[in-house]
Amino acid sequence: MNTQYTYLEMFLWEQDAWVDRDSEIRPMLDLLTKLGHTFLRPRTLSQKYVNRTDGVYDAKSNVLRLPEVIAPWEEMGLLVHITSMGFVCWIALVPKDVSADPELLFVPHSCDLKSRGWAMQTLDYYAKYGKIAAERKAVILLYCQGGEQGSGIFMDILLELSAIFHIGLSHLMLDLSILPLAGEALPQEAFSWNGIPVMDMTNRWHSRVGHQYICSEINRHNPEFDFQRMKHSTLGREIAKSMYDYEYSYKTTNDPELSHALDARGLTYGEHFCQGGEVPDPDPQGGSGEAAAADLHEGSAQRHALPEPDWVPVLLGIYRNCRLRGDDAAVFRHGNPGR
């Protein structure tokens, strides 16, 4: 390894390069998580379901589904989806006739995830939310954590929710009920939604930290991955350059400077809906030939995927070295099942 090997974009491998590019809503969500662990959690603990042995048990989420608890929600016309991701569990209350782009309330919750009754206790606690969801045809996402440390996995959960139920995320609100419960003041931007204090989190929840940087952060915990060797190499240089050329330089698909950069390469950009999925298409200008398709399964773009507008610079950065021949077009297919 040649530690003297450097390049202009090497600074992108350092955390400081991505300061202020993490989720805009993350600090508030971390605060709600911490306060919830102290002030909300004691209110939700119950022995009501602890000794139950009937029902249907799901080992993945440590959930004991009890028909008498689920039935009232279903009778209101709601689907009750209970699952987990990482060390976080979540419950989605979705109207059976939900629209393509509904109101969506993100509810931070703290409970004992080691108890098999955590989900039934949570549904009991938020009974009035179900009535609101049914009346307004809104979606309620109960984001349940067992500890007081925040996690960025809420971004992945929102994407999964969008993909599973074919809904957009352009009317997204954050429940702030924990703040007054903890004696904290509401932010100035807070407003009341059906009597619930909330704030808008639309287009504020996703991360603009470099995708390849995030991967390197994860891989640094792998003893077989030599980060310094990769960083001081031509491979590290090419990856850093791809981050700089697109992700670091442009925030959104609609950035005029991105359009100019594509024009310089003889490309235009368009989005099309096909079989329930949106297909961004960096098309050769005037191209009419067959597409060279790079299929991306659901979640492959992770926290940068649609429906938010910043994911195209990520894909262009990742595939920046692809060569288009003749009239070929590059088609990136993702799993957001918009309607």
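Residues numbered from 1 in each chain as written. Predicted model: local features only at pLDDT ≥ 70, side-chain atom pairs only at ≥ 80, totals over all residues. Heavy atoms only, no water.

Student: How should the overall build of the chain be read in this particular structure?
Tutor: Within the chain, the secondary structure is distributed over eleven helices and 13 strands. The burial tally for the chain puts 49% of its 339 residues in the buried class. The contacts of the chain with a sequence gap of at least 6 include a subset with a gap of at least 24, amounting to 74%. Taken as a whole, the chain presents about 16600 Å² of accessible surface, with 50% of it coming from carbon and sulfur. (Helix = DSSP H or I, 4+ residues; strand = E, 2+ residues; numbered from the N terminus. Buried < 20%, exposed > 50% of the residue type's maximum accessible area, 1.4 Å probe, protein only. Contact = heavy atoms within 4.5 Å. Areas by Shrake-Rupley, 256 points an atom, 1.4 Å probe, with all protein chains shown as cover.)

Student: Is there a simple way to think about unusual backbone geometry in this case?
Tutor: A positive phi angle is found at H166, which is not glycine, with a value near 60 degrees. Within the secondary structure layout, H166 lies in the loop between helix 5 (154-165) and strand 7 (172-175). Positive phi, close to 60 degrees, is recorded for N203, a residue that is not glycine.

Student: Teacher, can you tell me more about the pattern of salt bridges here?
Tutor: Between side chains of opposite charge, pairing is possible as soon as their charged atoms come close. Applying the stated rule across the entire model yields 14 salt bridges. Residue D22 is joined to R26 by a salt bridge in which the shortest nitrogen-to-oxygen separation is 3.9 Å. By relative accessible area, D22 is classed as partly exposed at 37%. The salt bridge involving D54 is made with R52; its shortest N-O contact spans 2.9 Å. Overall, the relative accessible area of 22% leaves R52 in the partly exposed class. Linked through salt bridges whose partners overlap, the residues forming this network are D22, R26 and D30. (Salt bridge = Lys/Arg side-chain N within 4 Å of Asp/Glu carboxyl O.)

Student: Is there a simple way to explain the side chain of S23 in this structure?
Tutor: Structurally, S23 is set in the segment before helix 1 (26-44). Dropping the residues within four chain positions of it, S23 is found in contact with F154, M155, R204, W205, H206 and S207.

Student: Mind showing me how you'd approach the nonpolar core here?
Tutor: Nonpolar side chains in soluble globular proteins tend to be buried together. Core analysis: the largest hydrophobic core is formed by 70 residues, its most contacted members being W118, M120, L174 and W205. In contact with M120, not counting residues within four places along its chain, are Y49, V63, L64, R65, L66, V69, I70 and I82. Within the second largest apolar cluster, 13 residues are counted, among which are A17, V209, I214 and M230. (Core = buried A, V, L, I, M, F, W, Y, C linked by side-chain atoms within 4.5 Å.)

Student: What exactly am I supposed to notice about the sheet that holds strand 4 (residues 88-95) here?
Tutor: Working definition: the strands of a sheet are paired by backbone hydrogen bonds and lie parallel or antiparallel to each other. Ordered by their spatial adjacency, seven strands build an open sheet running 3-4-6-5-7-9-8, and the pairing between neighbours is mixed. This sheet does not close on itself; its edge strands, each paired only once, are strand 3 (78-85) and strand 8 (191-193). Neighbouring strand axes in the sheet, compared pairwise and without regard to direction, differ in orientation by 30 degrees on average. Bridge analysis of strand 3 against strand 4 gives eight bridges, and the strand direction is antiparallel. Looking at the pairing, T83 lines up with W90 of strand 4. Across the face of the sheet, helix 4 (residues 127-136) comes into contact with strand 3, strand 4, strand 5 (104-110), strand 6 (139-145), strand 7, strand 8 and strand 9 (196-200) while running at roughly 120 degrees to strand 3. (Pairing = 2+ DSSP bridges. Axes fitted to C-alpha atoms, helices over the stretch in contact; angles between N-to-C directions.)

Student: Could you clarify how one ought to interpret the pairing of strand 9 in this entry?
Tutor: Successive residues of a regular strand alternate their side chains across the two faces of the sheet. For strand 9, the tally of buried residues reaches four of five residues, placing the bulk of the element in the interior. In this structure, strand 7 lies alongside strand 9, joined through three bridges in antiparallel fashion. Bridging from a neighbouring strand, M173 pairs with D200 of strand 9. As paired strands, strand 8 and strand 9 are joined by three bridges and run antiparallel to one another. Bridge pairing in strand 9 places W193 opposite I196.

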